[in-house]
Amino acid sequence: MFRELIELGRRLEKEKKLPPPGFYYYGQPIKWVVHLRHDKPDFVYIEETNNLDRPRPFCGRTSGTEAHPFVDEAGYALGVVRQKGGNSDEKAVAKHRAFLDILEKAKNSMDTNDDTKITVSIMQSRISSKLIEKLDAYKNILNKDWVSFVFDDGLFAGQHLYERQEIQLFWQQELKDRTRQDTDTGNAKRGACSICGQELQMAKKIPVGVKLYKPNPFHSYNKDSFVSQLTGAQIFKKTHLGQCVICGDAIARTLNYLTESENHHKIITQDKTKGKLNTDSPKNQFALFWLKEEQPVKVGETIINPAELMQRATLIMGSGPSVKEAAPPPDLSQLENMLNIPWTGTDSAAKIADNAFYLLVLSPNKGRIAVRDWFDVSLDRLQHNLKVFLDAQRIVDTKGIEKRCFGMPEVLKAIESANISKEAYKATEIANPNISRGLLRTAYLGEPPPSALLEAAVMCMRNPKIFEKPEIQHIVMSTIKLVLTHRKEGMKEMETLDKSRVNSGYLCGCLLAILEEAQFRAARWKINTTLVDRFYGSASSAPASVFGTLVSRATTDHFPKIRKNQLGYQELETRMESVQTAIKEAGGFPKTCALKEQAEFSLGFYHQRAEFSAIREQKKLNKIKEESNEQ
C-alpha cells in the first residue's frame with residue numbers, strides 16, 4: 001500500500017498536482033511580497049497580493065518557535081509585533097531571530113560561488129538595514145500575515161526565493177533534522193525505512209496530518225503498549241515511526257490529495273446519532289481510489305478517460321463524494337451498460353489487465369487515522385467482478401415490472417431494520433462497518449458477500465411494516481438475492497419468479513403469497529390486514545406449524561368465493577397445487593428453517609407476489625386498451 005501511494009505521489013509531483021516534499025498548503029495565503037534588487041541597495045518595496053495561495057515549507061509548527069526559510073509569518077520574516085486586535089506578540093523578537101538564523105543556515109549550506117548564496121547575503125543585508133520598516137505599507141502588516149521575498153532582477157527575477165530548487169533541498173534536510181528521533185547519546189537514530197527500504201535517519205513524527213474530517217496523524221505512538229520492541233518507562237518518547245520523514249511526508253500529502261479530490265474519494269458510511277455526526281468515530285469510512293496508470297479505456301467503440309472510468313466504476317459507493325440525506329441515489333444504468341461491453345486498451349500495447357484499480361478505506365479513530373481495508377484489482381477483473389455483483393443483485397420490483405440493482409448507500413440504509421419505521425430523511429446506515437467493507441470486496445474483488453448481510457436483510461423481512469414500503473422491500477430482496485446467487489447458478493433466473501426452483505423454503509414462500517392472493521380475491525381486495533401480517537414470521541421460520549391450517553382455511557373459505565365470483569379460480573388453484581406438489585416432492589413442509597432457508601422463503605414470497613402484481617397490471621392495461629379501441 002505504501003509503495004503504491006509513494007508511486008502515485010511521485011506521479012502527482014511530476015504533474016504539478018502535489019507540492020514538493022516538505023511543502024504544503026496553509027489556511028492563510030501569502031499576503032505580502034517584499035521586492036528587492038541586486039543592483040540597487042536602497043531598492044525595496046512591499047506589494048500587497050490578492051491572497052496568494054501557494055504551498056510553502058511546512059513543519060507542523062504549533063505553539064513553538066520554528067522558522068521557515070524565505071517565507072513565513074511577518075512576526076518571523078520582518079519581526080512585526082502588531083497583532084490583529086491591537087495586541088503585541090511578545091515572541092516576535094525570538095521569532096525574527098529564528099528566521100535570520102535559518103537564512104544563515106541556508107546560506108552556509110551552499111557553495112561559495114552559488115548565485116543563491118549571494119542573493120541570500122543581499123537579502124540579509126536589506127532586512128538588517130531596516131529599510132523595510134520605513135515603508136508606508138509596513139504599517140499595515142500584521143504579525144500573522146504571511147510574507148515572501150522576490151528579487152526583480154538577476155537570475156531569479158520574479159521568482160519567490162523559497163521556491164528555488166536549492167532552497168527546497170535545503171528545507172528537506174532541515175525537516176529531517178527537526179523530525180529526527182535521537183538516541184540516548186543525542187545522535188540521530190538510523191534504520192531501514194519500512195517504505196523505501198533504505199538505511200536512513202528515522203523520524204519520530206510526520207509534520208503533515210491526514211485530513212478526513214480534520215487533520216490527524218496517520219502514524220504515531222503515544223503509549224508504551226504500542227512499542228513492544230522496546231522496554232522501559234515512557235519508551236514511546238524514544239521510539240521512531242520506522243520510516244524516514246520524506247516517505248512519511250509523501251504519503252500524508254498524497255492521501256490529502258485523494259481526500260480533497262472529488263474524483264478520488266467517497267464517504268461510504270458516517271456515524272450519526274440524532275442527526276449529529278461524530279467525526280472521530282471509526283464507524284466513519286472513507287474510500288480513496290485511483291488507477292495505477294492514468295490511461296483511457298476503450299469501451300466498445302467509445303473511449304472513456306480515466307476520470308470518467310473511476311466515476312462510473314465507483315457509482316456503487318454513491319453518486320457523490322460525500323453521503324448526504326438529500327443526495328439522489330446513483331443511476332447505475334450507465335455502469336451496467338458499460339459493463340456489458342468489452343473493455344480494451346486504446347492501442348495494442350495498452351492492456352487493461354496491466355492497469356489496476358486501487359482502493360483504500362480509512363477511518364478516523366480517536367485522534368488518529370486507521371486503515372480499514374486495502375486492495376487492488378486489474379481492470380479486466382474489475383469489469384467482470386462488478387458485472388457479477390450487479391447481475392446477482394438485479395431483481396424485479398414489487399409490481400413485477402422494472403428490474404433494478406442498487407448502490408451501497410441504498411443497501412446499507414435498507415437493511416438497517418430500525419429505518420423501516422423512520423422517515424426516509426432520518427434513515428441511517430447499518431451500524432456494522434464490516435458489512436460495508438465486505439460489500440466493497442464483493443463488488444470489486446468478487447469475494448462472497450458478508451454473512452452478516454443476509455442476517456440483517458432477513459431481520460428486515462420479519463418486520464411487517466416493510467410490506468408497506470415497496471422501495472425498501474425491493475432493496476432488501478435485492479440484497480438477499482445477491483447473497484444467495486452471487487457467483488452461483490440462478491443469477492438470471494432469480495430476477496423474477498423461478499417456477500423451476502426446487503427449494504422447500506422458496507416454494508413455501510410462493511405458497512404463502514398464493515394463500516394471501518386467495519384471501520385478497522375472496523374479499524375483492526377490500527381488506528386491510530391479511531394472513532401475511534399475522535403468519536409471515538412463523539411461516540418463514542417453522543412452515544410445518546402453520547401451513548396445514550392456512551391451506552385448509554383457504555380451501556374452505558376463500559377458493560369457493562373466488563370460483564363463484566369468477567376471479568381467476570382455475571389459474572390460482574393450478575398454481576397452488578403445483579407448488580404443493582413440488583413441496584411434497586422436496587420432502588414436505590420443513591419443521592424449521594435456518595437463516596438461508598428463511599432467505600429463500602422471502603425470495604419465493606416476493607417473487608410470487610410480484611408475479612400476481614404484474615398480472616393485475618397487465619389486465620388493467622388490456623382493459624384500458626380495449627376501452628380505447630371501442631371508442
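Everything here concerns the structure above.
Let us look at the structure shown here. The structure displayed is predicted, hence computed values, not measured ones.

What to know about the packing of helix 14 (residues 504-522) against helix 15 (residues 531-541)
Running from N to C, helix 14 and helix 15 point in directions that differ by 165 degrees, and their axes come no closer than 11 Å. The orientation of helix 14 with respect to helix 15, classified from their angle, is roughly antiparallel. Crossing of helix 14 against helix 15: the hand is right-handed. Only Leu531, Val532, Tyr536 and Ala539 of helix 15 make contact with helix 14, whose side of the interface consists of Leu512, Leu515, Glu516 and Gln519. Residue composition of the contact of helix 14 with helix 15, grouped by class: 6 nonpolar, 1 polar and 1 charged.

Topic: the side chain of threonine 259
With respect to the helices, strands and loops of the structure, threonine 259 is situated in helix 6 (residues 245-260). Take threonine 259: its relative accessible area is 10%, and that puts it in the buried class. The contacts of threonine 259, once residues within four sequence positions are left out, are Lys211, Leu212, His265 and Leu288.

A closer look at the sheet that holds strand 3 (residues 44-52)
Ordered by their spatial adjacency, 4 strands build an open sheet running 3-2-6-5, and the pairing between neighbours is mixed. If you trace the sheet from one side to the other, it starts and ends with strand 3 and strand 5 (71-73), each paired once. Within the sheet, the average angular offset between the axes of one strand and its neighbour, ignoring direction, is 30 degrees. Judged from the 3 bridges that link them, strand 5 and strand 6 (residues 146-151) form a sheet pairing that is antiparallel. From the neighbouring strand, valine 71 faces strand 6, where its bridge partner is serine 148. Most of the contacts of helix 4 (residues 115-128) go to strand 6, to which it runs at about 125 degrees, and overall it touches strand 2 (30-36) and strand 6.

Things to note about the packing of aromatic side chains
One pass over the structure, following the stated rule, counts 19 aromatic pairs. Ring centres 5.7 Å apart and planes at 75 degrees place the aromatic pair phenylalanine 467 and phenylalanine 605 in the edge-to-face group. Here phenylalanine 467, found in the loop between helix 12 (451-461) and helix 13 (470-485), pairs with phenylalanine 605, found in helix 18 (residues 595-630); they are 138 residues apart in sequence, far enough to count as distant. The exposure classification of phenylalanine 467 matches that of phenylalanine 605, with both residues buried. The structure contains a cluster of three or more aromatic residues connected by ring pairs, namely Tyr24, Tyr26, Phe58 and Trp146. It is arginine 563 that lies over the ring of tyrosine 569; its NZ or CZ is 5.1 Å from the centre.

Considerations on the environment of lysine 584
Examined against the element boundaries, lysine 584 turns out to sit in helix 17 (residues 569-585). Taking C-alpha positions, lysine 584 is 8.8 Å from serine 504, a pair spaced 80 residues apart along the chain.

Overview of the pairing of strand 6
Put simply, side chains in a regular strand alternate between the two faces of the sheet. Of all 6 residues in strand 6, 6 are buried, a share of seventy percent or more. The alternating pattern of strand 6 places Trp146, Ser148 and Val150 and Val147, Phe149 and Phe151 on opposite faces, both of which are buried. Judged from the 6 bridges that link them, strand 2 and strand 6 form a sheet pairing that is parallel. When the sheet's bridge partners are listed, tryptophan 32 is paired in strand 6 with valine 147.

Observations concerning the nonpolar core
One finds Ile316, Met317, Tyr444, Ile480 and Leu512 to be the most contacted residues of the largest nonpolar core, which totals 101 residues. Of the residues forming this core, the biggest block, 11 residues, is contributed by helix 14. Setting aside anything within four residues of it in sequence, one finds leucine 512 in contact with Leu531, Val532, Tyr536, Ala539, Phe547, Leu550, Phe601 and Phe605. Of all hydrophobic cores here, the second largest spans 80 residues; its members include Leu5, Met202, Val210 and Leu255.

Side note on unusual backbone geometry
Unlike most non-glycine residues, lysine 16 shows phi in positive territory, near 60 degrees. Assignment of secondary structure puts lysine 16 in the loop between helix 1 (2-14) and strand 1 (23-24). The exposed category is assigned to lysine 16, whose relative accessible area is 74%. Backbone geometry places lysine 130, a non-glycine residue, at a positive phi of 65 degrees. Residue placement: lysine 130 occurs in the loop between helix 4 and strand 6. A relative accessible area of 40% means that lysine 130 is categorised as partly exposed.

Considerations on helix 6
With 16 residues, helix 6 extends 22 Å from end C-alpha to end C-alpha; this agrees with the ideal 22 Å at 1.5 Å per step. Counting buried residues in helix 6 gives 14 out of 16 residues, a clear majority hidden from the surface.

Here's the deal with the side chain of glutamine 201
Turning to its location among the elements, glutamine 201 is positioned in strand 8 (residues 199-201). Among the residues examined, glutamine 201 registers a relative accessible area of 18% and is labelled buried. For glutamine 201, the side chain forms a polar contact with the main-chain oxygen of lysine 176, separated by 3.0 Å. Glutamine 201 has contacts with Lys176, Asp177, Arg180, Ala188, Lys189, Arg190 and Cys244, leaving out every residue within four places of it along the chain.

Rules behind the numbers
Residues numbered from 1 in each chain as written. Predicted model: local features only at pLDDT ≥ 70, side-chain atom pairs only at ≥ 80, totals over all residues. Heavy atoms only, no water. Axes fitted to C-alpha atoms, helices over the stretch in contact; angles between N-to-C directions. Helix = DSSP H or I, 4+ residues; strand = E, 2+ residues; numbered from the N terminus. Parallel < 35°, antiparallel > 145°, perpendicular 65-115°, else oblique. Left-handed = near helix turned anticlockwise from the far one by under 90°. Contact = heavy atoms within 4.5 Å. Nonpolar A, V, L, I, M, F, W, Y, C, P; charged D, E, K, R; others polar. Buried < 20%, exposed > 50% of the residue type's maximum accessible area, 1.4 Å probe, protein only. Pairing = 2+ DSSP bridges. Phe/Tyr/Trp six-rings, centres within 6.5 Å; stacked < 30°, edge-to-face > 60°. Lys NZ or Arg CZ within 6 Å of the ring centre and 35° of its normal. Core = buried A, V, L, I, M, F, W, Y, C linked by side-chain atoms within 4.5 Å. Expected span 1.5 Å × (residues − 1). Polar contact = N/O pair within 3.5 Å; in protein donor to acceptor, adjacent residues only side chain to side chain.

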